[in-house]
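Breakdown of the fold
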Amino acid sequence: MTQSIVDTLSSLKVIPVIQINRAEDAIWLGEILTQNQLPVAEITFRTPVAAKAIKLMHEHFPELILCAGTVLTAQQADMAKEAGARFVISPGYNPSTVDYCLNNGIDIVPGINNPSQIEIALEKGLTLLKFFPAEASGGVKMLKALASPYAQAQFMPTGGISLNNVSDYLAIPQVVACGGSWIATADTIDKQDKETIVNHIQSIHSLLKTHKG
Ligand SMILES: O=C(O)C(=O)C[C@H](O)[C@H](O)COP(=O)(O)O
């Protein structure tokens, strides 16, 4: 992972986790994200059109920081990279997928929620890790406890994060950015409810204005 991507994620602070059912929705969604100063998206491989959606968003908005989520296999990692994703994210630590990515120049942020997984990742040289599922694993208290022995590790908590608790996670120095599907849910995307998505992005900006750090 390049430092410049980590820096960008760290300045944006919130990453919309997006499940797209119709690939072409990626175009208006990319426009909304770009126009509303949240130029980042994690498109999940939870639907068969994920790679196509990444490709469309990348072609129309090359400045967007795009990553692929729910990447479970080497094949999905390849598809994501080819479509234009800058890195891939997985919910857990899958040793064969991680090794494939490391051997093929694909940046990966694996999911962890315990110390053993963190140590396995650090041993591989992976220092940016997804803390998933954040809330169900013990939330802010758990992440603080998990992070403290590993000064070199940085985290992207995801899972159960919303406007109500995002500031608490961002206050942890080792947190780079938080992911969340609440910004653009599958349902709002299906309904092309642009207003709701823009409102969510604006609420994030308002909240972040008051957030220190
Ligand atoms: O790791 C992956 O690739 C995932 O797909 C997990 C998602 O990031 C979370 O499920 C989003 O969590 P919520 O914001 O609570 O909906």
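Structure's up top.
Residues numbered from 1 in each chain as written. Predicted model: local features only at pLDDT ≥ 70, side-chain atom pairs only at ≥ 80, totals over all residues. Heavy atoms only, no water.

With respect to the nonpolar core
The line we're drawing: By nonpolar core is meant a set of buried Ala, Val, Leu, Ile, Met, Phe, Trp, Tyr and Cys residues that side-chain atoms within 4.5 Å join together. Accessibility here uses a 1.4 Å probe with only protein chains present; expressed as a share of the type maximum, an area under 20% marks a residue as buried, one over 50% as exposed, and anything in between as partly exposed. Labels follow the DSSP assignment, with helices taken as runs of H or I lasting at least four residues and strands as runs of E lasting at least two, numbered in each case from the N terminus. Contacts are assigned to residue pairs that have any heavy atoms within 4.5 Å of one another.
In terms of nonpolar packing, the biggest core is built from 80 residues, with Leu9, Ile18, Leu29 and Ile43 touching the most fellow members. Top contributing element to this core by residue count: helix α3 (residues 50-60), with six residues. When near neighbours in sequence (up to four residues on either side) are disregarded, Leu9 contacts Ile15, Val40, Ile65, Phe87, Leu128, Met156, Val176 and Ala177.

Observations concerning α3
Residues spaced three or four apart along an α-helix point in a common direction, a consequence of the helix completing one turn every 3.6 residues. Of the positions making up α3, those classed as buried are Ala50, Ala51, Ala53, Ile54, Leu56 and Met57. Those residues of α3 that are buried are in contact with α2 (25-35), β2 (40-44), β3 (65-69) and α4 (74-83).

Description of the packing of aromatic side chains
This is how the line gets drawn: In summary, the pairing rule links any two rings of Phe, Tyr or Trp, Trp by its six-membered ring, whose centres are within 6.5 Å, and it sorts them by plane angle into stacked for under 30 degrees, edge-to-face for over 60 and tilted for everything else. In our convention, an over-ring charge means Lys NZ or Arg CZ found within 6 Å of a ring centre and within 35 degrees of that ring's normal.
Overall, the coordinates contain zero aromatic pairs when judged by the stated rule. Above the face of the Phe132 ring, Lys130 is positioned so that its terminal group lies 5.0 Å from the ring centre.

Here's the deal with helix α10 (residues 194-210)
Here is the rule we go by: Residue count minus one, scaled by 1.5 Å, sets the expected span of a helix. In this description, the arc belongs to the directions extending from the helix axis to the C-beta atoms.
If you check α10, its first and last C-alpha atoms are 25 Å apart, about what 17 residues at 1.5 Å a residue would give, namely 24 Å. Inspection of α10 places Ile197, Val198, Ile201, Ile204 and Leu208 among the buried residues, and these make up the whole buried set. Looking straight down α10, one finds its buried side chains confined to an arc of 115°; they lie on one side. Turned more than 90 degrees from where α10 packs its buried face, Glu195, Lys209 and Thr210 sit exposed.

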